Amino acid sequence: MAVADPVLLGAAVSRPARLRSRVRIGGWELAGLVVLALVSLVAVFAPVLAPHSTTQPVAAGPFVSPFHGALLGTDDLGRDLLSRTLYGIRSTWLSALAVVGSGIVIGTVIGSVAAMAGGVVDALLMRITDLFLALPGPVLAIVAVVALGPSLPHTLLAVAAVWWPWYARIVRGEVRALLVRPHVDAARLAGTRPIALARRHLLPGAVPAVLTTASLDIGNLVLTLAGLSFLGLGAPPPTPELGAMTANGLTYLLGQPWIALVPACAVFVLAFAANLAGDGVRDLLDAV
């Protein structure tokens, strides 16, 4: 029976141990990951978790303080704040994921084409990217809402239109760095087509950088979407949105502060947890 080389065996055993020793996620980052996992569950199961309708008043009546007939109280129209906040989290979270997903797809296509084509195509696509980087998202959202009418899809379309350039530049830089690698040259000499070359040898190398950027981007998007909703650029009433709910509650801030504070705290928790989780994802990807 052949005896395994102890040197190779030790190296094989020690590699996972070294990998585990490099992965250091702090307590705050771990807490952020846990909170975002719970938020994702809330976004999926909000219709099941919400105890009441988001548009109809409850029996307790309007201006009921928390824990007095309603867990988080009711608003000026007697609607349950817990139910509306759960649906507001669902709307904000899914909207942020949709914008990030569209940014990754558009940015990946433009960045990879620019890097692989080079020359005039690369220069033209990068100047278009710079043009979109110069467009402020909130201002573009205001223009889109004025032109198309107030709705959440119009706002998401406007924000997504200016959210892809960062991903395009990241993918372009990663792909350009990979194009000079020997295995890519070997694949080219073997006759691999450009699409297959990008799919098999180039884009996988850009995944860690894109995922790190996306994980850190979610918190910014949550604040951006909540801010636009606060200005009335989201879905029209009575659709529950965290920013719009906070704006509506400002009228009653001194007398019934929970109407504004409950959705505002939800925005804070979402953004704070997303930033902490983004740091955790970055640490994990750096250690791999």
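Structure: see above.
Let me sum up the structure you'll find in this document. (Residues numbered from 1 in each chain as written. Predicted model: local features only at pLDDT ≥ 70, side-chain atom pairs only at ≥ 80, totals over all residues. Heavy atoms only, no water.)

A look at helix 10 (residues 242-249)
Okay, so step 1: Among the residues making up helix 10, those that are buried are Leu242, Gly243, Met245, Thr246 and Gly249. One side of helix 10 holds all its buried residues, which, seen down the axis, span an arc of 165 degrees. (Buried < 20%, exposed > 50% of the residue type's maximum accessible area, 1.4 Å probe, protein only. Helix = DSSP H or I, 4+ residues; strand = E, 2+ residues; numbered from the N terminus. Arc of directions from axis to C-beta.)

Brief notes about the pattern of salt bridges
Okay, so step 1: Counted under the stated rule, the structure contains six salt bridges.
Okay, so step 2: A salt bridge links arginine 84 to aspartate 75; its shortest N-O distance comes to 4.0 Å.
Okay, so step 3: One salt bridge in this structure joins aspartate 130 and arginine 169, with 2.5 Å as the shortest N-O distance. Here arginine 169 lies in helix 7 (residues 165-178) and aspartate 130 lies in helix 4 (residues 119-133), a separation of 39 residues in the sequence.
Okay, so step 4: Assessed through its relative accessible area of 27%, aspartate 130 is described here as partly exposed.
Okay, so step 5: The exposure class assigned to arginine 169 is partly exposed, which follows from its relative accessible area of 30%.
Okay, so step 6: Salt bridges sharing common partners tie together Asp75, Arg79 and Arg84. (Salt bridge = Lys/Arg side-chain N within 4 Å of Asp/Glu carboxyl O.)

Digging into the packing of aromatic side chains
Okay, so step 1: What the rule picks out here adds up to three aromatic pairs.
Okay, so step 2: On the basis of an interplanar angle of 55 degrees and a centroid distance of 5.2 Å, the ring pair of phenylalanine 132 and tryptophan 164 is categorised as tilted. Here phenylalanine 132, found in helix 4, pairs with tryptophan 164, found in the loop between helix 6 (152-161) and helix 7; they are 32 residues apart in sequence, far enough to count as distant.
Okay, so step 3: A relative accessible area of 24% means that phenylalanine 132 is categorised as partly exposed.
Okay, so step 4: With a centroid separation of 5.6 Å and an interplanar angle of 5 degrees, the aromatic rings of phenylalanine 268 and phenylalanine 272 are classed as stacked. Residue phenylalanine 268 and its partner phenylalanine 272 are located together in helix 11 (residues 258-287), separated by four residues, close to a single helical turn. (Phe/Tyr/Trp six-rings, centres within 6.5 Å; stacked < 30°, edge-to-face > 60°.)

A closer look at the side chain of threonine 92
Okay, so step 1: Mapped onto the elements of the fold, threonine 92 is located in helix 3 (residues 81-117).
Okay, so step 2: The exposure class of threonine 92 is buried, given its relative accessible area of 9%.

Some details on the packing of helix 5 (residues 137-148) against helix 6
Okay, so step 1: Two numbers describe how helix 5 lies on helix 6: the axes approach to 8 Å, and their chain directions differ by 140 degrees. As helix 5 packs across helix 6, the resulting crossing turns out to be right-handed. Between helix 5, through Leu140, Ala141, Ala144, Val145 and Leu148, and helix 6, the contact on the second element is made entirely by His154, Thr155, Ala158 and Ala161.
Okay, so step 2: Along the lines of polarity and charge, the residues of the contact of helix 5 with helix 6 split into seven nonpolar, two polar and no charged. (Axes fitted to C-alpha atoms, helices over the stretch in contact; angles between N-to-C directions. Left-handed = near helix turned anticlockwise from the far one by under 90°. Contact = heavy atoms within 4.5 Å. Nonpolar A, V, L, I, M, F, W, Y, C, P; charged D, E, K, R; others polar.)

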